[in-house]
Structure formats: C-alpha cells, structure tokens
Amino acid sequence: MRALVTGGAGFIGSHLCEALVTRGDEVFVLDDLSTGAFENIEHLGEITAVIDSTLNQPIVRDLVREVDVVFHLAATVGVQLVVEKPISTIVNNIRGTETVLEEACRYRRPLLITSSSEVYGKGVNDLFQEDDDRVMGSLKRTRWGYAASKAMDEFLALAYWLEKRHPVVIARLFNTVGPRQTGRYGMVIPRFVTQALRNEPLTVHGDGSQTRCFTYVADVVPALIQLLERRDLAGDIFNLGSRECITIEELARRIIERTDSDSTIYYVPYEQVYGPGYEDMLHRAPDLTKVNAAIGFEPRTSLDEMLDEIIGNIRRKLPG
Ligand code: UDP
C-alpha cells in the first residue's frame, strides 16, 4: 500500500510512518516542520518526504494522487502555540483539513483524520462518549479556538461522508505520549521528565488536581491503521485513549520518583503561564466501548511503562 501521512515528521506521525514502513508500505510524508523535525523520520530511510504545508493545495493534490490512502495528522498542536498563535492555529487546522479532504475526495482516497479529545470541551460525563453533547468555554478564551477548529474539521469530514460518500474516519486522541514528543509547546510529560532529569523544579500548573489519561503512542498507531483499513467504519468517530487516569500533581511525584531526581514541585498559577483568562480542562477520560467493539482496541501499556520508555529516551538526548 502507498500511504500519505500529513504531519509525518511530527511525534505521532513519525511513529505511524515507522509502523507503515515496517510492514512494507510505501510512505509519503508532507510536513512543514513547524513542530515536527526531520530527525524524527531520517532513520526510516526509504520514504518520500516533502517539506511543505497542507495549505499548499497543488502539492497536496500531487501527493494524494500518488497514494492509495491518506492519514491526515498535520495540525497546529500544543497549548502554548494555540495561545500564542491563535490565527495560524485556526487557519492551519481548518483550511489544511479542508484542502486534504477536497483532494482525497477528488481522487477517492480513503482518509483518516486525527482529531482531539479537546472537542469535548469541559465534558458532560465522567467518561467522554463519541456522541456526547459538548460544552465549550467563552470565545474570549483562546484555548477553545483549537477545540472549535478540530470540531470544524470533524463536521467537514462527516459532511464529505454524508454528501459524497467519501470514506473518511475520525480518531479522537486523548493525550498521546511517547518517545520523540517534545515539551517545547507545552506537553506535560516531556517537560516534567526533562525538568526532573536536570534536577529543576517541576512546574505544576494550578493546584495539580486536574487529571489526564495518557495513552502510549505504540498503542495508538496500530489502531489508526486498523480504523482506516476497515472501510465499514467510514463516516464514524472513535475515541482512542487509555483507562488509567492520574492527577498532574501525582504525575509530577511519579516522575520525580522514577527518575530518582532531587527536584521539587513548583506550583504555577495558570495566568502566569498562559496569560489572564486561561481555562484548563479539569478532567478528560475516554469511553472506549465503541472503539473496542469496532476493532478490539485495548490500551496495553501502563503509565509506569510509558514513563520509563520516555525517561530513557530523553535521558539519552540530554547533554552530559
Ligand atoms: N501542565 C503542567 N505543567 C507543565 C505543562 C502542562 O502542569 O509544565 C498541565 C496542563 O496545564 C494540563 C496538563 O498538564 O492541565 C496536560 O497538559 P498538556 O499540555 O500535556 O495536554 P492538554 O492540556 O492538551 O491535556
């Protein structure tokens, strides 16, 4: 199979490319290297990488024509970028997806779109279900622009299915983590691990009582491939997450313990990090019933196993 992976030089994209190459697929990558890095994919050898944006429609068209299927992962990600660059976040996410959808439909290429658990907003249930109502914060709070952009991507994808029967499936990812994820744009685990390995204070935002369910990238990637290959799942949305939730304060303690670090915890008010009026999602946990029934998805990697892998990976990269 020939597959195009937009955002293929990013953290999740590079793991997906690796899995596709390993099983003998021919892989094409489109990535503007805004948050991705060429070093994420250079070890893969025989792939075709085009350094450009999904906003460049002629390039997207040429690549889509070359392949059998498309995985669309390219997006502006990371709370820090979303808050600092709201225009490019919204434009990249909405126009980029619009372009990929248009070209995938033109050549009838099956498409998987990665969305985010952010689309649930503040959530209405303890476990978020794909068909839940969604509660968003005020439009004055920049964070929700990212959630709205991903929701718009989903609406448009579903519209292509409804109107044109174009086979597109949506994966809603819940805090995917693993080696190669960078902490540069806010992501908590690589930040905490780097801080712990340097014996610097771990910067817990707020009081640290907010929870997340971290999902290992090696559990997510095979599910992305399966969701796209199962054509009977087209036109639908699936959560991909884990069942193990933890408070951010406990996460910090766990990382200090597992790195054997002398670090302490430093509690930073949200406003100090992201400016006034920032609103966090306090809890976010997936209901996995639907994806389990569809493809037998079950997250296998425990949080401690993930942390040990990530700690090893970051330790190897740190100078000294
Ligand atoms: N967080 C933190 N310290 C950091 C980075 C993030 O306490 O240095 C918190 C952040 O406020 C959020 C949680 O960790 O409550 C997860 O943040 P991340 O940006 O990784 O993912 P998301 O907010 O998208 O769930």
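Presented here is a report on the structure given in the accompanying data block.

About the cut-offs
- Residues numbered from 1 in each chain as written.
- Predicted model: local features only at pLDDT ≥ 70, side-chain atom pairs only at ≥ 80, totals over all residues.
- Heavy atoms only, no water.
- Helix = DSSP H or I, 4+ residues; strand = E, 2+ residues; numbered from the N terminus.
- Expected span 1.5 Å × (residues − 1).
- Buried < 20%, exposed > 50% of the residue type's maximum accessible area, 1.4 Å probe, protein only.
- Near = heavy atom within 4 Å.
- Polar contact = N/O pair within 3.5 Å; in protein donor to acceptor, adjacent residues only side chain to side chain.
- Areas by Shrake-Rupley, 256 points an atom, 1.4 Å probe, with all protein chains shown as cover.
- Nonpolar A, V, L, I, M, F, W, Y, C, P; charged D, E, K, R; others polar.
- Disulfide = S-S within 2.5 Å.

1. Considerations on helix H4 (residues 86-106)
Counting along an α-helix, one turn takes 3.6 residues, and residues three or four places apart therefore face a common direction. Between its first and last C-alpha, H4 extends 30 Å over 21 residues, near the 30 Å set by a 1.5 Å rise per residue. For H4, every residue scored as buried is listed here: Thr89, Asn93, Gly96, Thr97, Thr99, Val100, Leu101, Glu103, Ala104 and Cys105. Phi for arginine 108, located one or two positions after H4, is positive at around 55 degrees.

2. Considerations on the site of the ligand
Around the ligand sit 18 residues in total, of which Thr203, His205, Arg212, Asp280 and Arg284 are the nearest. A distance of 2.8 Å is found between an oxygen atom of the ligand and a side-chain nitrogen or oxygen belonging to arginine 191. A distance of 2.3 Å is found between an oxygen atom of the ligand and a side-chain nitrogen or oxygen belonging to arginine 284. Contact with the protein chains removes 94% of the 520 Å² of surface that the ligand exposes when unbound. Considered class by class, the residues forming the shell around the ligand number seven nonpolar, five polar and six charged.

3. Focus on the state of the cysteines
Overall, the coordinates contain one disulfide when judged by the stated rule. Here cysteine 213 is linked by a disulfide to cysteine 245, with a sulfur-sulfur distance of 2.0 Å. Of this pair, cysteine 213 sits in strand S9 (residues 211-213) while cysteine 245 sits in strand S12 (residues 245-247), and the two are 32 residues apart along the sequence.

4. Some points on the environment of glycine 178
Relative to the assigned elements, glycine 178 resides in the loop between strand S7 (176-177) and helix H6 (188-197). Given a relative accessible area of 3%, glycine 178 falls into the buried group.

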